[in-house]
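# Breakdown of the fold
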Amino acid sequence: MTPPRTFVNSPLARIARLVLNKAPRVAMVLGQTVHLSGATREEFLADPEWVAHEEVHLRQVRDLGLLRFLWEYLLESKRVGYYQNKFEVEAREGARLFMQRRRGP
Ligand SMILES: [Zn+2]
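On a predicted model such as this, the values are computed, not experimentally measured, just so you know.

Our focus in this paragraph is helix α5 (residues 86-103). An ideal rise of 1.5 Å per residue puts 26 Å on 18 residues; α5 measures up with 26 Å between its terminal C-alpha atoms. Taken residue by residue, α5 has Phe87, Glu88, Ala91, Ala95 and Met99 as its buried positions. For α5, the arc enclosing every buried residue in end-on projection is 100°, short of the 170-degree limit, so these residues lie on one face. Close packing links the buried residues of α5 with α3 (48-64) and α4 (66-84). Just beyond α5, the residue with positive phi is glycine 104, at close to 85°.

Below you can see the structure in the form of structure tokens.
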């Protein structure tokens, strides 16, 4: 799997970080790039579960298109919050299954 493209010290990810109650590190998918704040590319790539989580978001953006993804993501967040947001649920589940497969039977 090719590692995803990243953009470090992203001002947009920094805003998201502040909105998410000063989360220590944030990744945010815009187009097919993972925007990072509070983490280097090396730190991000060293965490396979985190990469797998963002890979799911990259796929969601490819499936829906960026604008529709952002719009539906915001609606979901407003409706059920961050944790129960269906895009986050799918990304967490995808990352969990990825780690399970990686560990093997
Ligand atoms: Zn996520």
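Considering only enclosed or pocket space, the largest pocket measures out at about 840 Å³ in volume. Lining the largest pocket are 26 residues, with Leu20, Ala27, Tyr73, Tyr82 and Glu88 sitting closest to its centre. Sorting the residues of the lining of the largest pocket by element identifies α1 (11-19), β2 (26-30), α3, α4 and α5 as the ones contributing at least two each. Ranked by residues supplied to the lining of the largest pocket, first place goes to α4 with seven residues.

Criteria and thresholds
Residues numbered from 1 in each chain as written. Predicted model: local features only at pLDDT ≥ 70, side-chain atom pairs only at ≥ 80, totals over all residues. Heavy atoms only, no water. Helix = DSSP H or I, 4+ residues; strand = E, 2+ residues; numbered from the N terminus. Expected span 1.5 Å × (residues − 1). Buried < 20%, exposed > 50% of the residue type's maximum accessible area, 1.4 Å probe, protein only. Arc of directions from axis to C-beta. Contact = heavy atoms within 4.5 Å. 1 Å grid on protein atoms, 1.4 Å probe; cavity = no way out; pocket = protein on both sides within 12 Å on 5 of 7 lines; lining within 4 Å. Points joined across faces, edges and corners; volume = space filled by probe spheres on them.

Bear in mind that shape data such as this cannot, by itself, settle questions of function.
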